[in-house]
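Notes for the structure review
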Amino acid sequence: MGEESRLAAVVALAQGMAAAHSSREAWRAAAGGARRALGGSFAALSVWERELGRLRVLVNVGELAEGEEEFPEDESYPVHQFAEITEFLHERWAGGGEPDAWVETAQGPEEGRAGYCHQRVAALRRRGRGCCVVAPIVLHGRAWGELYVARPVGEPVFGPADADFATVLAAVVAAGIAQTERLEEARRLAFTDSLTGLANRRAVDARLDEAVELHRRDGAVVSLVVCDVNGLKRVNDTLGHSVGDRLLERFGTVLSLCGAMLPGALAARLGGDEFCLLAVGPSADEVVKAADEVCRRAVELDIGDGVACGVASTQDPIGPVRSARRLFRLADAAQYRAKAERAAHPVVAGREGPDDPVVRLAGEPSREADGERRRFRGRHAPG
């Protein structure tokens, strides 16, 4: 491959990773771009999991051998079986060397050259591959993992120039992985509440829109629990905002634990003292049970005055739910009633018959609904 072709391959690899919208897409673009650039039939990207002492394969691309999968669930190799991990990435690199790529062949090391890894040689033979080039990936100044590209038996063996080029490709891959990590962190922060670590209102809005569309299309059960932490203002005024923040954090933990009772549920802080659980799939009764557990555990916190919970589910008689806003108004109205009545258990929209006051409240214009909420609260306000 000429200089221009190699430059074009590097640019294509970088562009492919830049266009990725997730880590998986970035891994696939990295391995696929390197395979094409080096003229290999197969490529893999692996990460070094130091805490587990293993090299874990993230993606396999190209001509897969028996037992290989594109995104393997648990294809990993103990680091002690790969002497080069320690020798190359620790001893040589730490001693001032460079994280350069190297070549292995199915014939094993040449005479006078110590073999880095006999397991790799055996794996090449077992999978019908004639040679491979292995390039360490360095991220944030540390060994992150490796890029592996192989050719089948009968194809030209990788040479020193290929190893040098693989080193360049590994550096491009490292830059792409770093960019993907930064983007994912930015996305995480954009959809995460900074105080509790739960999802935020933006995340709920996006997920709820998708859930309601799934309900309209396939009839999926969508349920929303809206919670209001009681006594936050009193805690802030008498004990300070740091204690109030601790109350919110502790309730966030309670909500997360109870949300785990519902597979795939999203636990979120909407803002201030309002939280919610969004569940898609579990029955309405299962969601009410989880919400009841939220109420029970919230009372046991040593600060605050428990929580008011309202539940709305498409499985209950609440009328057609054609928009996320409709379900949210129903859950919100149920929560307001729970708070006004100091209910120890969740109030569930639609379960009080044809003239359910929560359903009626949710269906009123906002101004009228606000007046009704004030009447609820005034009627049951503490003396």
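Residues numbered from 1 in each chain as written. Predicted model: local features only at pLDDT ≥ 70, side-chain atom pairs only at ≥ 80, totals over all residues. Heavy atoms only, no water.

Turning our eyes to something else, we now look at helix 8 (residues 241-259). Along its 19 residues, helix 8 runs 26 Å from first to last C-alpha, staying within 8% of the 27 Å computed at 1.5 Å per residue. Buried residues belonging to helix 8 abut strand 7 (222-229), helix 7 (232-239), strand 8 (266-271), strand 9 (274-280), helix 9 (284-299) and strand 10 (307-313). (Helix = DSSP H or I, 4+ residues; strand = E, 2+ residues; numbered from the N terminus. Expected span 1.5 Å × (residues − 1). Contact = heavy atoms within 4.5 Å.)

What follows covers the sheet that holds strand 11 (residues 347-348). In spatial order, the strands read 8-9-7-10-11; together these five strands make up an open sheet with mixed pairing. Lying at the two open borders of the sheet, with one neighbouring strand each, are strand 8 and strand 11. Here seven bridges tie strand 7 to strand 9, and the two strands are oriented antiparallel to one another. For Val226, the partnering residue across the bridge sits in strand 9 and is Cys276. (Pairing = 2+ DSSP bridges.)

Within the element layout of this structure, Arg6 appears in helix 1 (residues 3-18). On the basis of relative accessible area, Arg6 is assigned to the buried category, the value being 18%. Separated by 3.5 Å, the side chain of Arg6 and the backbone oxygen of Ala161 make a polar contact. Within polar-contact distance, the side chain of Arg6 engages the side chain of Asp162 at 3.3 Å. (Buried < 20%, exposed > 50% of the residue type's maximum accessible area, 1.4 Å probe, protein only. Polar contact = N/O pair within 3.5 Å; in protein donor to acceptor, adjacent residues only side chain to side chain.)

Further remarks concern the nonpolar core. Soluble, globular proteins show a tendency: their nonpolar side chains are buried together. Of all hydrophobic cores here, the largest spans 41 residues; its most connected members are Leu45, Val133, Ile137, Leu169 and Val173. Element by element, the count of residues in this core is highest for helix 5 (residues 160-190), at 10 residues. Those residues within four positions of Ile137 in sequence are excluded, and the remaining contacts are Leu45, Arg142, Ala143, Trp144, Gly145, Glu146, Leu147, Ala170, Val173, Ala174 and Ile177. (Core = buried A, V, L, I, M, F, W, Y, C linked by side-chain atoms within 4.5 Å.)

For the rest of this paragraph, the subject is the pairing of strand 4 (residues 102-105). Of the two faces of strand 4, the one carrying Trp102 and Glu104 and the one carrying Val103 and Thr105 are both buried. Pairing between strand 4 and strand 5 (residues 129-139): four bridges, direction antiparallel. Along strand 5, the bridge assignment pairs Trp102 with Val134.

Summarising burial for strand 5: 10 of the 11 residues are buried, a large majority. In terms of strand pairing, strand 5 meets strand 6 (residues 142-152) through 10 bridges, oriented antiparallel. Note that in strand 6 the partner of Arg129 across the bridge is Pro152.

The phi angle at Arg342 is positive, at roughly 50°, despite the residue not being glycine. Position of Arg342 relative to the elements: it lies in the loop between helix 10 (324-340) and strand 11.

Chain-level statistics for the protein give a pLDDT mean of 86 and a share of 87% at 70 or above. Looking over the protein, one finds the lowest element-wise mean pLDDT in helix 12 (residues 366-380), namely 41, and the highest in strand 10, namely 97. Considering only residues more than four positions removed or in separate chains, one finds that residues 111-115, a stretch of pLDDT under 50, has five contacts. (pLDDT = per-residue confidence, 0-100.)

Turning our eyes to something else, we now look at the environment of Asp164. Tracing the backbone through its elements, the reader meets Asp164 in helix 5. A C-alpha to C-alpha distance of 9.9 Å links Asp164 and Val133, two positions 31 residues apart in sequence.

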